[in-house]
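Summary of the model geometry
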Amino acid sequence: MNEALIVAIIVAVVTSATPILIAALGELVVEKSGVLNLGVEGMMLIGAVTGFIVSVSTGVPALGALGGMAAAAAASLTASYTHLKLATIEAGEVSVVAVQ
């Protein structure tokens, strides 16, 4: 194989894997508190899709970024509220929210 092709593949893999690695690092920190959140990728997806829709419909990328952050924060608040309500009825420590 060509060296340039190998370098291009490695760059593409690292570029596409970075957001998932950042989410996994955040989940690793959260798991130290005793909560297993299985909806991290779904929250990222909600933020990304909402940010894209807002950015395309308004034509302002900064507003799209703010919309994506707000949507992901709302999904996160929903997940945390659900976990707290389930934890009070002794349902366990796994927080699963259907966001996809």
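Residues numbered from 1 in each chain as written. Predicted model: local features only at pLDDT ≥ 70, side-chain atom pairs only at ≥ 80, totals over all residues. Heavy atoms only, no water.

The protein chain goes by ABC transporter permease in an unreviewed UniProt entry, where it is assigned to Aureimonas ureilytica. As its UniProt record puts it under Subcellular location (unreviewed entry), the protein chain is described as follows: "Cell membrane". (UniProt positions renumbered as here; feature names shortened; annotations may be inferred.)

**A closer look at the overall build of the protein chain**
Along the backbone of the protein chain there are three helices and two strands. Reading the secondary structure of the protein chain in the N-to-C direction produces α-β-α-α-β. Taken over 100 residues, the protein chain has a buried fraction of 18%. In the protein chain, once contacts between residues fewer than 6 apart in sequence are set aside, the share between residues at least 24 apart is 50%. (Helix = DSSP H or I, 4+ residues; strand = E, 2+ residues; numbered from the N terminus. Buried < 20%, exposed > 50% of the residue type's maximum accessible area, 1.4 Å probe, protein only. Contact = heavy atoms within 4.5 Å.)

**A few points about a nonpolar patch on the surface**
There is a patch of nonpolar side chains on the surface, built from M1, L5, I6, I9, I10, V13 and V14 and spanning about 690 Å² of accessible area. Mapped onto the elements of the fold, I9 is located in helix α1 (residues 3–31). (Patch = residues over 30% accessible without salt bridge, like charges linked within 9 Å, V, L, I, M, F, W, Y side chains within 5 Å. Areas by Shrake-Rupley, 256 points an atom, 1.4 Å probe, with all protein chains shown as cover. Salt bridge = Lys/Arg side-chain N within 4 Å of Asp/Glu carboxyl O.)

**Observations regarding the confidence of the model for the protein chain**
With 86% of its residues at a pLDDT of at least 70, the protein chain reaches an overall mean of 83. Ranking the elements of the protein chain by mean pLDDT puts strand β2 (residues 94–95) last with 54 and helix α2 (residues 40–58) first with 92. (pLDDT = per-residue confidence, 0-100.)

**Remarks on α2**
An α-helical turn contains 3.6 residues, so any two residues separated by three or four positions project in the same direction. A rise of 1.5 Å per residue sets the reference length of α2, with its 19 residues, at 27 Å; its end C-alpha atoms lie 27 Å apart and thus fit the reference within 8%. Taken as a whole, α2 has its buried residues at V40, G42, M43, G47 and G51. The arc enclosing the buried residues of α2, seen along the axis, measures out at 165°, which places them on a common side. The exposed residues of α2 that point more than 90 degrees off its buried face are F52, I53, V56 and S57. Backbone geometry just downstream of α2 places G59 in the positive-phi region, at approximately 80°. (Expected span 1.5 Å × (residues − 1). Arc of directions from axis to C-beta.)

**Side note on the layout of surface pockets**
Considered as a void within the structure, the largest pocket measures approximately 210 Å³ in volume. The wall of the largest pocket is formed by 14 residues, among which E27, V30, V35, N37 and S76 lie closest to the centre. Secondary-structure elements contributing two or more residues to the lining of the largest pocket are α1 and α3 (61–88). Across the lining of the largest pocket, the residue classes break down as seven nonpolar, six polar and one charged. (1 Å grid on protein atoms, 1.4 Å probe; cavity = no way out; pocket = protein on both sides within 12 Å on 5 of 7 lines; lining within 4 Å. Points joined across faces, edges and corners; volume = space filled by probe spheres on them. Nonpolar A, V, L, I, M, F, W, Y, C, P; charged D, E, K, R; others polar.)

**Let's talk about the environment of G51**
With respect to the helices and strands, G51 occurs in helix α2. Note: C-alpha distance between G51 and G68 (17 residues apart in sequence) is 3.9 Å. Discounting chain neighbours no more than four positions away, the residues touching G51 are G64 and G68.

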